[in-house]
Amino acid sequence: MSKKCSVRSLSDSSLAELANLLVSTISYVQYAPDVQLDISIVMVELNEYLAQLGATSNIYQDLLRVILSSDYLEANMRFTCLQMLLNCGVHFLVTEVFPPSYYEKILQVIAAQGSGLRVLNLKGIWVKEDHMHYMYDIVRRCKHLVKLYVPYIANDQLLEEIAINCTRLQVLDISGETDITEIGIDLLAKGLCAQSLTLVDVGMPGEENICYSDIALILEHCPRVETLSTYSFVGAALKFIHDNIDSDFKCHLKYVHDTSTDEPTLQVILQTCPHLETLYLDSPKLGCLRALQHRSLRKFKICKFVVAELLSLLERPMGRNLRHLTMIKGTGNLDLGKLARLCPSLIDLDCYVVESLSYAQSHVRFQQLEGLEILSCDMMTSSLKAFLCNSTDLKRLAVDSVDFTDDDIISMFVQHNFKMLEDIWFTLAPELTVQAVELLMDSCPELQSVGQLTGWSLSPDDLSLIRGLLKSGNSSLRLQ
C-alpha cells in the first residue's frame, strides 16, 4: 500500500495558524460592516503584536512566502500583507503573480521597505517603461542583493544600475524579450558584480535576440560565470573570443547550450570550457559529434540528430560516464538494450520524438536508471513491457501513450518488484481500469502519484471511490 501522509510539523502548523490570524484580522477590518478602523493603524498594531511575540526576520519572511504564494487569497489581501510584513530584516522575497493594477504599488513598497533583501524574484511582475524608475530605486537601495530575477523587463539603464550598485550579485535573470543592447551588456560585464556573477540567464530559447558578440563580453569579463542558462548560441560567443581576442581563453562554464554547432565550434567549446559538465546541442551539423570522442560529460542533451551518430559517440568514454541523457527528434532506430550497454551509469533517460525505439538486447539492463520518460516515440508494446520489467529500480516513469491492459500491469508491476517507484504517468491508456490503479497502489510501496487518469478507462465514480479510500486511509498518493 502507498505511503501515509506525514504529520505536519509544529513549525508549519504554527506558521499557517499565524498567517491565518493575520489575514482574518485584516479581512475583518476591511470588510466587516460594523467596523470603522484605519487599515494603516491596524497594520502598525499587528506589527507591534508580532514584535511582542518575538517574531524574527525569518518569521516575517516565511509569512510573506506563505501568503504571497496562496492560490486562495485575493490580490488586495496579498498586497496588504506585503505592505505590512516587508521590512529591512527580510532577506528573501518572491512576489508571485499579481494583476497589472498592482505592479506600480508593489514596486513602491519594495523600494521603500526592502533594503535588506538578498534575493528578489519579480517573475510575476511585468514592469512597464513608466514604472522602470522604481526598479532603478530598488537596485540602488538593495545593496546586498545576491540573486535578482527580473525577466522580460531589463534594459540598458537597469543593467547600468546593477553594475554600479550590486557588488555581491551572483545570480541574475534578465532573460526573455528585452530592450538590452551591447551598451548595457558592456556596462554589466565591466561593473562591480563582474567578479561575483556565477549565473546569468539571458536571451530567449532558440532566438538570437542578443548578439553572440555581446554575450562574449560577459564570458570575457565575468570569470566566475558557470552558466548562461537560456542563451542558445554560447558556442558562437566562445568562438568569437577564441578567434578574435584570445586563442588561449578559458572560462568556468559548466553548462553550454549551442545551436547548429559544427565540429570546429564544438572543438572550441571543449577547449575553452575545461569544467564543462552539461552540454545541450540543438541541430548539430552531421559529423560534429566526433569532437566529443575523448571527452566525458555528466549530462548530454541533443535535438535533431541521427541516432547512429550518437550511438557511435556513446561507444567512446563519454558513454560510460554519462549520467543524464535527453534525446529530442532523433532519426533512426535506438535499441535501448544497446544504450544500456554503452551507458551503464545512466540515472535519467528522456526520449522525445525519437523515430523508433526497440529493445532487442533484452538481456542487458540499466543498473542505476531512476527516471524514464518516453514521449511521441514509436515502440512496440512487447518491447516496452520487456524493458520496464528489466528497469525495476525506476523512481519516475512517464510514457505518453500505451496499450497496456490490467493484465499487463499484473505481469509488470505485481510480478516484478518496483520497490522504488514514486511517480507513474501514462497520458493515454484506454485499456487501463480502476483495477490497474488498485494494483499499482498495492504493489508499489513508495508510490506518490499516478496519472493522467483522464486518459484511462475510469469513470467519475471510480475516481471518487478511490480518492475516498485514499483519504480515509490517510494515503499520500495523488491521483492526477
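Fair warning: this is a prediction, and the values are worked out from it, not measured in the lab.

### Considering helix 10 (residues 234-244)
Then, number 1: Within helix 10, the full set of buried residues consists of Val234, Gly235, Ala237, Leu238, Ile241 and His242. In a view along the axis of helix 10, the buried residues occupy a sector of 165°, so they form one face of it.
Then, number 2: Where helix 10 is buried, its residues touch helix 9 (212-221), strand 6 (255-259) and helix 11 (263-272).

### Some points on the sheet that holds strand 6
Then, number 1: If you walk across this open sheet you meet the ten strands as 6-7-8-9-11-13-14-15-16-17, and the pairing is parallel. Lying at the two open borders of the sheet, with one neighbouring strand each, are strand 6 and strand 17 (478-479).
Then, number 2: As judged from the five bridges shared by strand 14 (residues 396-401) and strand 15 (residues 423-428), these two strands associate in the parallel manner. Across the sheet, the residue bridging to Ala398 is Trp425, located in strand 15.

### Some points on the pairing of strand 5 (residues 199-203)
Then, number 1: Within strand 5, four of the five residues are buried, which leaves the element mostly enclosed by the surrounding structure.
Then, number 2: Judged from the five bridges that link them, strand 4 (residues 171-175) and strand 5 form a sheet pairing that is parallel. Residue pairing across strands places Val171 opposite Leu199, the latter belonging to strand 5.
Then, number 3: Considered for its hand, the β-α-β crossover made up of strand 4, helix 8 (residues 182-189) and strand 5 is right-handed.

### Topic: the environment of Ala55
Then, number 1: Within the element layout of this structure, Ala55 appears in the loop between helix 2 (39-52) and helix 3 (57-68).
Then, number 2: Sequence spacing of Ala55 and His363 is 308 residues, and the spatial spacing of their C-alpha atoms is 61 Å.
Then, number 3: Setting aside residues no more than four positions away along its own chain, Ala55 makes contact with Leu50 and Tyr60.

### Some words on the packing of helix 7 (residues 156-165) against helix 8
Then, number 1: Running from N to C, helix 7 and helix 8 point in directions that differ by 10°, and their axes come no closer than 8 Å. Relative to helix 8, helix 7 is oriented roughly parallel. Facing helix 7, whose interface residues are Asp156, Leu159, Glu160, Ile162 and Ala163, helix 8 presents Ile183, Gly184, Ile185, Leu187 and Leu188.
Then, number 2: Residue composition of the contact of helix 7 with helix 8, grouped by class: seven nonpolar, one polar and two charged.

### Here's the deal with a nonpolar patch on the surface
Then, number 1: Taken together, the side chains of Leu21, Tyr49 and Leu53 present a nonpolar region at the surface, about 270 Å² in accessible area.
Then, number 2: Given the relative accessible area of 33%, Tyr49 is considered partly exposed.

### Focus: the sheet that holds strand 2 (residues 119-121)
Then, number 1: Strand order in the open sheet made by the five strands is 1-2-3-4-5, with parallel pairing throughout. Pairing within the sheet leaves two strands with one partner each, and these edge strands are strand 1 (92-94) and strand 5. The average angle at which neighbouring strand axes cross in this sheet is 5°, direction not considered.
Then, number 2: When strand 1 meets strand 2, the two strands line up parallel, connected through three bridges. Residue pairing across strands places Val94 opposite Asn121, the latter belonging to strand 2.

### Quick word on the packing of aromatic side chains
Then, number 1: As enumerated under the stated definition, the model contains ten aromatic pairs in all.
Then, number 2: Ring centres of Phe404 and Phe426 lie 5.6 Å apart, and the angle between their planes is 80°; on these two criteria the pair is classed as edge-to-face. Separated by 22 residues along the polypeptide, Phe404 in the loop between strand 14 and helix 16 (406-414) and Phe426 in strand 15 bring together distant segments of the chain. Considered together, Phe404 and Phe426 belong to a single accessibility category, that of buried residues.
Then, number 3: Taken together, the ring pairs in this structure connect Phe79, Phe98 and Tyr102 into an aromatic cluster.

### Some words on unusual backbone geometry
Then, number 1: Of note in the backbone geometry, Glu96 takes a positive phi value of approximately 65° without being a glycine.
Then, number 2: Along the chain, the position of Glu96 falls in the loop between strand 1 and helix 5 (103-113).
Then, number 3: At Val353, a residue that is not glycine, the phi angle is positive and equals roughly 55°.
Then, number 4: Relative to the helices and strands, Val353 is located in the loop between strand 11 (348-352) and strand 12 (356-358).

Criteria and cut-off values
Residues numbered from 1 in each chain as written. Predicted model: local features only at pLDDT ≥ 70, side-chain atom pairs only at ≥ 80, totals over all residues. Heavy atoms only, no water. Buried < 20%, exposed > 50% of the residue type's maximum accessible area, 1.4 Å probe, protein only. Helix = DSSP H or I, 4+ residues; strand = E, 2+ residues; numbered from the N terminus. Arc of directions from axis to C-beta. Contact = heavy atoms within 4.5 Å. Pairing = 2+ DSSP bridges. Right-handed = clockwise from strand over helix to strand, strands pointing away. Axes fitted to C-alpha atoms, helices over the stretch in contact; angles between N-to-C directions. Parallel < 35°, antiparallel > 145°, perpendicular 65-115°, else oblique. Nonpolar A, V, L, I, M, F, W, Y, C, P; charged D, E, K, R; others polar. Patch = residues over 30% accessible without salt bridge, like charges linked within 9 Å, V, L, I, M, F, W, Y side chains within 5 Å. Areas by Shrake-Rupley, 256 points an atom, 1.4 Å probe, with all protein chains shown as cover. Salt bridge = Lys/Arg side-chain N within 4 Å of Asp/Glu carboxyl O. Phe/Tyr/Trp six-rings, centres within 6.5 Å; stacked < 30°, edge-to-face > 60°.

Geometry only, nothing functional implied.
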